[in-house]
Amino acid sequence: MQAHMMQQPLLVSSLLRHAERHHGDQQVVSRGVDGGLHRYSFRDLARRARQLAAALGALGLERGDRVGTLAWNGHRHLELYYAVSGAGAVLHTLNPRLHADQLAWIAEHADDRALFFDPTFLPLVEALAPRLPGVRHFVLMGDRAQLPADCAIGGLLCYEDLIAAHDDTYAWPLLDENAASSLCYTSGTTGDPKGVLFSHRSTLLHTFASALPDTLNVSAADCVLPVVPMFHVNAWGLPYAACMVGAKLVLPGPQLDGASLYALFESEGVTLSAGVPTVWQGLLAHVRGQGLRFTSMRRTIVGGAACPPRMLAEFEDELDVRVLHAWGMTELSPIGTVSAPRRNGEPAAHRRAQQAKQGRCPFGVDMRVVDAAGAELPWDGRSAGELQVRGHWVVQSYFGGASPLADGWFPTGDVAHIDAEACMQITDRAKDVIKSGGEWIGSIEIENIAMAHPAVAMAACIAARHPKWDERPLLIVVRKPGAELTRAELLQFFAGRIAKWWTPDDVIFTESIPLGATGKMLKHLLRAQYQDHLLCPAN
Ligand code: ADP
């Protein structure tokens, strides 16, 4: 028997319609590339998104066409999020920190038909344009005054002119909720990047789940500042969640240094933020160095890479900011798990230990760990194997590529265990695992211990080749400015904190550790540089 309930497709445009009607005067504040603040309401956002959608149609862009963006977190990027998907085209956020060759490859693979870009990226786009024959329209995201007098891109369009040419009577089309809404590529540290094509439905279900109290816990009372870029898996869904719940949204533009972020947090009354650990390191160093406090910020989401326990303690114990440690992937839209406290009255030490793990699944995703033969392992907090997931917002197959699924589950390439409280902990990425004498050593745990040393700014643990054990852990360390620390002192720090055979064989001090386009440590480059370090008799 069929139910008698309305059938309304889950569409990205419905988020904006809701924000306009029910939270119309809520604010969106964004910092431009010139440093100035732009301020308007959800009502204004909705009006301009409709004008932009009309402009996309006038440019000849059709349903399903991919529209690329190279842009920071700003109000025009937000308008594109809603206008492109709402009109039935596919928003393709490109990561401007990638190499030009990779960008050209990705834009071609995606078959982008238009490219919208912030003025900062004009030189990059001028260099790319000849390599993008499929792109018919290049649009500078600014007003006429920002258009260059002389430019290598023929027929360069101006965003504000496009908007001004249309009124706001555009009506959002009724689309199939399973139609594609946006496209994001994995950063491709191993092999070519892979495109993940999100649907309206998967995006909406992800947004519902992301706002839940034990997920990202976003409400109308919040002022949300995603430091995580809108080109890094849709800023973890926060631009959608803000419209769903009516939260104030603050978009920080390109200035992501500690001082600029802190000033914006304070001036706008930010209550909730989100970013990768390396971004928080910069912010925490600034706050620590200047003896500052956060007056409004109460929660932050740390994800994209493991949150070191020292960072967790600093946020919570010294700054009174609750940390939501989240694990996710592009293939998961991105949220997979979040560590939220399970019940009131948990002993503090237990709560902290659980929080340092990657957490539990919200409704909508399920997970398991399997051994090499694909058999599910028990949830005992010890049995580590490959983490697999499935759910409403998990990839089925890559754009223009094969399905990665195994037995209906998506193999994440992460190694993890799950405890009796259903709390998952990542011990490594499969490709970063250190295999010593046939046994796995978890590099994340070693890095977390090194990071707990007061003289360490950043630490990466990699597998180095070893004549007897095949591989042994090697620690690459950046000291804090002015700090003194020797190899022996650091190795001594591991005593009693870790099984003796997990202690790294050697420490290499360096000036910096290479970071990828999403702010994560590029361990494969370190491996290429140092993997023979232990084979060398001089060491
Ligand atoms: P890329 O694979 O290019 O880095 P993603 O942003 O999709 O792109 O990265 C997903 C990966 O990031 C995960 O598979 C996992 O290895 C790592 N990751 C994300 N969040 C965490 C976390 N909280 N702890 C440990 N690793 C994490």
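Relevant structure appears above.
Cut-off values and rules
Residues numbered from 1 in each chain as written. Predicted model: local features only at pLDDT ≥ 70, side-chain atom pairs only at ≥ 80, totals over all residues. Heavy atoms only, no water. Helix = DSSP H or I, 4+ residues; strand = E, 2+ residues; numbered from the N terminus. Rg over C-alpha atoms; globule rule 2.2 N^0.38 Å. Buried < 20%, exposed > 50% of the residue type's maximum accessible area, 1.4 Å probe, protein only. Contact = heavy atoms within 4.5 Å. Areas by Shrake-Rupley, 256 points an atom, 1.4 Å probe, with all protein chains shown as cover. Polar contact = N/O pair within 3.5 Å; in protein donor to acceptor, adjacent residues only side chain to side chain. 1 Å grid on protein atoms, 1.4 Å probe; cavity = no way out; pocket = protein on both sides within 12 Å on 5 of 7 lines; lining within 4 Å. Points joined across faces, edges and corners; volume = space filled by probe spheres on them. Nonpolar A, V, L, I, M, F, W, Y, C, P; charged D, E, K, R; others polar. Pairing = 2+ DSSP bridges. Axes fitted to C-alpha atoms, helices over the stretch in contact; angles between N-to-C directions. Arc of directions from axis to C-beta. Salt bridge = Lys/Arg side-chain N within 4 Å of Asp/Glu carboxyl O. Core = buried A, V, L, I, M, F, W, Y, C linked by side-chain atoms within 4.5 Å. Phe/Tyr/Trp six-rings, centres within 6.5 Å; stacked < 30°, edge-to-face > 60°. Lys NZ or Arg CZ within 6 Å of the ring centre and 35° of its normal.

A. Region of interest: the overall build of the protein. In terms of helices and strands, the protein carries 15 helices and 24 strands. A globule of 539 residues ought to have a C-alpha radius of gyration of about 24 Å, and the protein, at 24 Å, matches this closely. Referenced to the eigenvectors of the C-alpha coordinate spread, the extents of the protein come out at roughly 70 × 65 × 50 Å. The proportion of buried residues among the 539 residues of the protein is 57%. For the protein, the share of sequence-separated contacts (at least 6 apart) that also reach a separation of at least 24 residues comes to 66%. About 22100 Å² of surface is accessible on the protein, with carbon and sulfur atoms providing 52% of the total.

B. Molecular detail of the side chain of H325. For H325, the location among the structural elements is in strand β14 (residues 322-328). Overall, H325 belongs to the buried group, its relative accessible area being 0%. One polar contact links the side chain of H325 to the main-chain carbonyl oxygen of A356, over a distance of 3.2 Å. Leaving out residues up to four positions away in the same chain, H325 has contacts with V302, A305, A306, C307, T337, V338, S339, Q355, A356, K357 and Q358.

C. Region of the structure containing empty space enclosed by the protein. Within the structure shown, the criterion is met by three cavities of 30 Å³ or more. Approximately 70 Å³ is the volume found for the largest cavity. Lining the largest cavity are S339, A340, P341, R342, E346, R351, Q354, Q355, R360, E421 and C423. Sort the elements by how many residues they give to the lining of the largest cavity and helix α12 (residues 348-356) lands first, with three residues.

D. Focus on the layout of surface pockets. Considering only enclosed or pocket space, the second largest pocket measures out at about 520 Å³ in volume. Around the second largest pocket sit 27 residues that line it, and Q425, T427, I444, E445 and W502 are the ones nearest its centre. For the lining of the second largest pocket, the secondary structure elements donating two or more residues are α12, β18 (410-418), β19 (424-429), β21 (439-441) and α13 (443-451). Considering only residue class, the lining of the second largest pocket consists of 15 nonpolar, seven polar and five charged.

E. Structural view of the sheet that holds strand β16 (residues 365-370). What the four strands build is an open sheet, ordered β16-β17-β18-β19; its pairing is antiparallel. Lying at the two open borders of the sheet, with one neighbouring strand each, are β16 and β19. On average, adjacent strands in this sheet sit at an angle of 50° to one another, irrespective of strand direction. Pairing between β18 and β19: five bridges, direction antiparallel. Across the sheet, D414 pairs through a bridge with R429, a residue of β19.

F. Structural view of helix α4 (residues 100-110). Of the positions making up α4, those classed as buried are L103, A104, I106, A107 and A110. On an axial view of α4, the arc spanned by its buried residues comes to 165°, and they lie on one face. Looking at the residues trailing α4, positive phi occurs at D111, about 60°.

G. Seen up close, the pattern of salt bridges. Scanning the model with the defined rule gives 26 salt bridges in all. A salt bridge links D317 to R352, with the nearest nitrogen and oxygen atoms 2.9 Å apart. You can see D317 sitting in helix α11 (residues 309-319) and its partner R352 sitting in helix α12, a full 35 residues away along the chain. With relative accessibility at 54%, the residue D317 sits in the exposed group. Residue classification places R352 among the partly exposed residues on the basis of a relative accessible area of 24%. With a closest N to O distance of 2.5 Å, R487 and D506 form a salt bridge. Of the two residues, R487 sits in helix α14 (residues 487-493) while D506 sits in strand β24 (residues 506-509), which places them 19 residues apart along the sequence. Judged by its relative accessible area of 39%, R487 is partly exposed. What makes D506 buried here is its relative accessible area of 9%. Salt bridges linked by common partners bring R48, R76, E79 and E160 together as one network.

H. Fine view of the nonpolar core. Formed by 87 residues in total, the largest nonpolar core has its most connected members in Y82, F116, V218 and I301. With eight residues, helix α2 (residues 42-58) is the single largest residue contributor to this core. Counting residues in each nonpolar core, the second largest holds 28 residues, with I106, F121, I153 and L183 among its members.

I. Main features of the packing of aromatic side chains. Inspection of every chain in the model, using the stated rule, returns eleven aromatic pairs. On the basis of an interplanar angle of 85° and a centroid distance of 6.2 Å, the ring pair of F116 and Y159 is categorised as edge-to-face. On the criterion of sequence distance, the pair formed by F116 in strand β5 (residues 112-117) and Y159 in helix α6 (residues 159-164) is long-range, its members being 43 residues apart. The same class applies to F116 as to Y159, namely buried. Taking 5.8 Å as the distance between ring centres and 85° as the angle between the ring planes, the aromatic pair formed by W280 and F315 counts as edge-to-face. A residue pair is termed long-range when its members are at least 10 positions apart, and W280 in helix α10 (residues 277-290) and F315 in helix α11 qualify at 35 residues. Residue W280 is classed as buried on the basis of its relative accessible area of 0%. Three or more aromatic residues link up through ring pairs in this structure, and these residues are Y262, F265, W280, F294 and F315. Here K194 stacks its cationic end above the ring of Y398, 5.5 Å away from the centre of that ring. The aromatic ring of F493 is capped on one face by R497, whose charged end is 3.8 Å from the ring centroid.

J. Quick look at the pairing of strand β4 (residues 90-93). Here β4 shows a buried face lined by V90 and H92 and a second buried face lined by L91 and T93. Direction of pairing for strand β3 (residues 66-70) relative to β4: parallel, over a ladder of four bridges. Looking at β4, one finds that V67 is bridged to L91. By the bridge criterion, two bridges tie β4 to strand β8 (residues 180-185) in an arrangement that is parallel. Bridge pairing in β8 links L91 to S182.

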